[in-house]
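Reading the structure
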Amino acid sequence: MAQTSGCLNQRSNSPCANAFESLLEDDREYFRAASRIEVVDGWQVLSPGSLLPMSTMSIVEPPPGANECPPQIIAFCQKRGFESIRFYLPGPETAHRSWSASFVRGEETAMFGNLADTEFEPLAADISVRALQPEDDRLKQSWLDMDSARPDGKATSGSDYVAIENAKADAGYMENYVITERGTPIGSFGLSLGQPDLVRIKNLLLAKPHRGRGLGYAAIGFAAQEARRVSRRWIGAFVLTSGTARNLYERAGLRAIGAQTEMIAPLALLADGDL
């Protein structure tokens, strides 16, 4: 279980609470970008838009306080041809025990760094960051296909993963970047600046031969540079509880400020009355 700080229990206008709320909203905006949004009984259902591959899983946003997925949402998603349903709830897995056991739960940790009290290392002389170019797509896909691991933990094909990230960028949600070492591309990540005072790092990926060398610091250092350039106070990211990215962010001076729970279940299981 991820350890989280107690800052979310502090007054609502504390920096930690504000940063956490911004990260949550930014995560919702990631899924909304390039998606078709329909409202059913107060739930937002996000379907793949024209820019997204059809393999994109259906995402729903429950209304505040919901603790059941109503049958009409399940039926609506089935009619759209989705095989599963997924959504996110603020707080750790332990806070959502009332939801049906049909849902598989996964926890993500929100990481936060305040530029006012954190020193971020500058980029090493042989490391640089540049905007992703169309010709980088095939290389990025090869990194993903080289290893079954994905930054978000999903078993998405390399080609679909790249298409999804490009669709989010085309929709204006984020900018995609490439990390290079002595001019050779070795990794990628995205930055979102859609929330006040926050720069969010999204989907940090290093090619497998270059992992374990601390080169992911390039994304964090670049995010800090961008935050200062556009007068933002915070940088942040969500990391998988079971992944290695949390150690990287902690070594860079970011700290855990909260968690959110991913809920996912096959629609066929839910439709069989196992709610």
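Above this note sits the structure.
So, here's what we can say about the structure. (Residues numbered from 1 in each chain as written. Predicted model: local features only at pLDDT ≥ 70, side-chain atom pairs only at ≥ 80, totals over all residues. Heavy atoms only, no water.)

**What about the nonpolar core?**
Quick reminder of the rule: Residue types Ala, Val, Leu, Ile, Met, Phe, Trp, Tyr and Cys, when buried and joined through side-chain atoms within 4.5 Å, form a set referred to as a nonpolar core. Three labels apply to residues, based on accessible area from a 1.4 Å probe with only protein chains included: buried if under 20% of the type maximum, exposed if over 50%, partly exposed otherwise in between. Working definition: helices are DSSP H or I runs of at least four residues, strands are E runs of at least two. Numbering for both runs from the N terminus.
Grouped together as the largest cluster of nonpolar side chains are 29 residues, with contacts concentrated most on Ile179, Phe189 and Ile220. Broken down by secondary-structure element, the contributors of at least two residues to this core are strand S6 (127-131), strand S7 (175-181), strand S8 (184-192), strand S9 (198-206), helix H5 (217-229), strand S10 (234-240) and helix H6 (245-251). In terms of residue count, the dominant contributor to this core is H5 (7 residues). Val45, Ile74, Cys77 and Phe87 belong to the second-largest nonpolar core, a separate cluster that totals 19 residues.

**What to know about the pairing of strand S4 (residues 84-90)**
Rules: Assignment of crossover handedness uses the view with strands pointing away from the viewer, where a clockwise path from the first strand over the helix to the second indicates a right-handed crossover. In this description, strands pair whenever DSSP reports at least two bridges between them.
S4 sits mainly inside the fold: 6 of its 7 residues count as buried. As for the winding sense of the linkage, the β-α-β connection from strand S3 (residues 58-61) through helix H2 (residues 71-79) to S4 is right-handed. Where S4 lies against strand S11 (residues 255-266), 7 bridges are found, and the strand directions are antiparallel. For leucine 89, the partnering residue across the bridge sits in S11 and is threonine 261.

**Focus on the pattern of salt bridges**
Selection rule: Any carboxyl oxygen of Asp or Glu within 4 Å of a side-chain nitrogen of Lys or Arg constitutes a salt bridge here.
Within the structure shown, the criterion is met by 18 salt bridges. For arginine 229, the salt bridge goes to glutamate 226, with nearest N and O atoms at 2.8 Å. Taken together, the residues arginine 229 and glutamate 226, both in helix H5 and 3 residues apart, mark about one turn of the helix. Members of the salt-bridge network, linked through shared partners, are Glu25, Glu29, Arg32 and Glu61.

**Topic: the sheet that holds strand S1 (residues 35-40)**
The following threshold applies: Each axis is a line fitted through C-alpha atoms, taken for helices only over the stretch in contact, and angles between the N-to-C directions span 0 to 180 degrees.
Judged by pairing direction, the sheet is mixed, and its 11 strands sit side by side in the order S1-S2-S3-S4-S11-S5-S10-S9-S8-S7-S6 without closing on themselves. With one partner strand each, in any of the chains shown, S1 and S6 form the two edges of the open sheet. Averaged over neighbouring strand pairs, the angle between their axes works out to 30° when direction is ignored. Looking at chain direction, S6 and S7 are connected through 5 bridges and run antiparallel. Across the sheet, isoleucine 127 pairs through a bridge with glutamate 181, a residue of S7.

**Observations regarding the packing of aromatic side chains**
For clarity, the cut-off: Note on ring pairs: Phe, Tyr and Trp rings are taken, using the six-membered ring of Trp, and paired if centres are within 6.5 Å. Classes follow the plane angle, with under 30 degrees stacked, over 60 edge-to-face and the rest tilted. Put simply, a charge is over a ring when the Lys NZ or the Arg CZ is close to the ring centre, within 6 Å, and near the line of the ring normal, within 35 degrees.
Summed over the entire model, instances satisfying the criterion amount to 11 aromatic pairs. Both rings, one in phenylalanine 31 and one in tyrosine 88, keep their centres 5.3 Å apart while their planes meet at 20°; by these two values the pair is stacked. With phenylalanine 31 in helix H1 (residues 15-32) and tyrosine 88 in strand S4, this pair connects stretches of sequence that are 57 residues apart. The same class applies to phenylalanine 31 as to tyrosine 88, namely buried. A network of ring pairs unites the aromatic residues Tyr30, Phe31, Tyr88 and Tyr173 as a single cluster. Geometry around tyrosine 30 places lysine 168 over its ring, the cationic atom sitting 5.0 Å from the centre.

**Comments concerning unusual backbone geometry**
Positive phi is not limited to glycine here, since arginine 182 has a value of about 50°. Within the element layout of this structure, arginine 182 appears in the loop between S7 and S8. One non-glycine residue, serine 231, adopts positive backbone phi at about 60°. Tracing the backbone through its elements, the reader meets serine 231 in the loop between H5 and S10. Among the residues examined, serine 231 registers a relative accessible area of 60% and is labelled exposed.

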